[in-house]
Amino acid sequence: MLKNKLALITGANRGIGLSILKKFSENGADIIACARSKNDEFEKLIFDISQKYKNKITPVYFDLSREKEIKDGIEKINTISDKIEIIVNNAGVNQVSLFQMTPIEKMKEIFDINFFSHLQLTQKLMKIMIKNKKGSIINISSNAAVECDVGRSGYAASKAALIAFTKVLSKELGSFNIRVNAVAPGLTNTSMMGKDISKKIIDEAIKKVALKRPAEPEEISDVVAFLASDLSSYVTGEVIFVTGGY
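Residues numbered from 1 in each chain as written. Predicted model: local features only at pLDDT ≥ 70, side-chain atom pairs only at ≥ 80, totals over all residues. Heavy atoms only, no water.

A. Geometry of the nonpolar core. Of all hydrophobic cores here, the largest spans 29 residues; its most connected members are Leu21, Phe24, Val88, Ile138 and Val183. Here this core gets 6 residues from one element, more than from any other, and that element is helix 9 (residues 217-228). The next biggest cluster of nonpolar side chains, apart from the first, holds 27 residues, and it includes Leu121, Leu125, Met126 and Leu162. (Core = buried A, V, L, I, M, F, W, Y, C linked by side-chain atoms within 4.5 Å. Buried < 20%, exposed > 50% of the residue type's maximum accessible area, 1.4 Å probe, protein only. Helix = DSSP H or I, 4+ residues; strand = E, 2+ residues; numbered from the N terminus.)

Okay, here's the thing in structure tokens:
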């Protein structure tokens, strides 16, 4: 489904990002796997995945909260290939705190990672797609962007901004045969869910899900793979909610 395509994935070392990396590898894509910092466990993991699926996975490390590191990361990416066809803006941070108890500095930090870092990365790398007149950009948003639950002011606003960015960019890049879409997962069974959200809140949320369970990361990466592939060749400017019927 993705054979002979080169994909860049941010936050590729865990959770949904790692699931996307595995799914893309399984479907034949070569990958530039972006993560915040180098570690032996991730290096071994991507080596094992590439051996299993016979694809090429190149790690690139930079911190999305640091503009200088993003610039350095982009420079390195540009030396790897000028054939990037898929960009998955997946990396992000969670946040649960009442607005009145959240410092504005913290809000800015959330936006820097969840929104502005993706803008910076996309603005530079989409030039490759424009030159080649093809590509698919997939932004990982969240159903929090529209549910707007208590305590999610920074997180929900940053993910809503990502949706607006998706829709605008799809109109700007359509004439270059570049598609831009967003995936908005609901509650997903990742380490971030267990770390940042209490069991009580998770249990209450599951009660509102028609399927009565959280998503598995693979159920999100299936949708991302569809949007990355030619199966979605007439899909752009869309937001696909993967929430189990929340």
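B. Layout of the sheet that holds strand 2 (residues 30-35). Overall, parallel pairing links the 7 strands, which are arranged 3-2-1-4-5-6-7 in an open sheet. The sheet is open, and its two borders are formed by strand 3 (57-61) and strand 7 (239-242), each paired with just one other strand. Neighbour to neighbour, the strand axes of the sheet diverge by 20 degrees on average, direction disregarded. Against the sheet, helix 2 (residues 40-53) contacts strand 2 and strand 3, and its axis sits at roughly 160 degrees relative to strand 3. (Pairing = 2+ DSSP bridges. Axes fitted to C-alpha atoms, helices over the stretch in contact; angles between N-to-C directions. Contact = heavy atoms within 4.5 Å.)

C. Structural context of the side chain of Thr188. Within the element layout of this structure, Thr188 appears in the loop between strand 6 (178-185) and helix 7 (191-196). We classify Thr188 as buried; its relative accessible area is 6%. A distance of 2.9 Å separates the side chain of Thr188 from the backbone oxygen of Gly186, its partner in a polar contact. (Polar contact = N/O pair within 3.5 Å; in protein donor to acceptor, adjacent residues only side chain to side chain.)

D. Region of interest: the packing of helix 1 (residues 15-26) against helix 2. Interhelical geometry of helix 1 versus helix 2 gives an angle of 20 degrees and a closest axis separation of 9 Å. For the element pair helix 1 / helix 2, the angle class is roughly parallel. Crossing of helix 1 against helix 2: the hand is right-handed. Mapping the contact onto sequence places Leu18, Leu21, Lys22, Ser25 and Glu26 in helix 1 and Phe42, Leu45, Ile46, Ile49 and Tyr53 in helix 2. Residues that form the contact of helix 1 with helix 2 fall into these classes: 7 nonpolar, 1 polar and 2 charged. (Parallel < 35°, antiparallel > 145°, perpendicular 65-115°, else oblique. Left-handed = near helix turned anticlockwise from the far one by under 90°. Nonpolar A, V, L, I, M, F, W, Y, C, P; charged D, E, K, R; others polar.)

E. Highlighting the pairing of strand 2. Summarising burial for strand 2: 5 of the 6 residues are buried, a large majority. Where strand 1 (residues 6-9) and strand 2 come together, 4 bridges link them in parallel fashion. By the bridge assignment for strand 2, Ala7 is matched with Ile31. Taken together, strand 1, helix 1 and strand 2 constitute a β-α-β crossover, and its handedness is right-handed. As paired strands, strand 2 and strand 3 are joined by 5 bridges and run parallel to one another. The residue bridging Cys34 from the neighbouring strand is Val60, located in strand 3. At this point the chain moves from strand 2, through helix 2, to the parallel strand 3, and the crossover so formed is right-handed. (Right-handed = clockwise from strand over helix to strand, strands pointing away.)

F. Seen up close, the pairing of strand 6. Buried residues dominate strand 6, accounting for 8 of its 8 residues. Residues of strand 6 alternate between two faces, with Ile178, Val180, Ala182 and Ala184 on one and Arg179, Asn181, Val183 and Pro185 on the opposite face, all of them buried. Pairing between strand 5 (residues 135-140) and strand 6: 6 bridges, direction parallel. Looking at the pairing, Ile140 lines up with Val183 of strand 6. The sheet contact formed by strand 6 and strand 7 spans 4 bridges and is parallel.

G. Layout of helix 3 (residues 67-80). The terminal C-alpha atoms of helix 3, which comprises 14 residues, lie 20 Å apart, in line with the 20 Å expected from a rise of 1.5 Å per residue. Those residues of helix 3 that sit buried are Ile70, Gly73, Ile74 and Ile77. Buried positions in helix 3, seen along its axis, are confined to an arc of 105 degrees and lie on one side of it. For helix 3, the exposed residues set more than 90 degrees away from the buried face come down to Lys68, Glu75 and Thr79. Of the surrounding elements, those touching the buried residues of helix 3 are strand 1, strand 2, strand 3, strand 4 (84-89) and helix 4 (104-132). (Expected span 1.5 Å × (residues − 1). Arc of directions from axis to C-beta.)

H. Region of interest: the environment of Leu125. One can find Leu125 in helix 4. Residue classification places Leu125 among the buried positions, given a relative accessible area of 0%. A sequence separation of 44 residues divides Leu125 from Leu169, and the C-alpha atoms of the two residues are 13 Å apart. Ignoring sequence-local partners within four residues, the contact set of Leu125 consists of Leu8, Ile74, Ile77, Asn78, Ile84 and Ile87.

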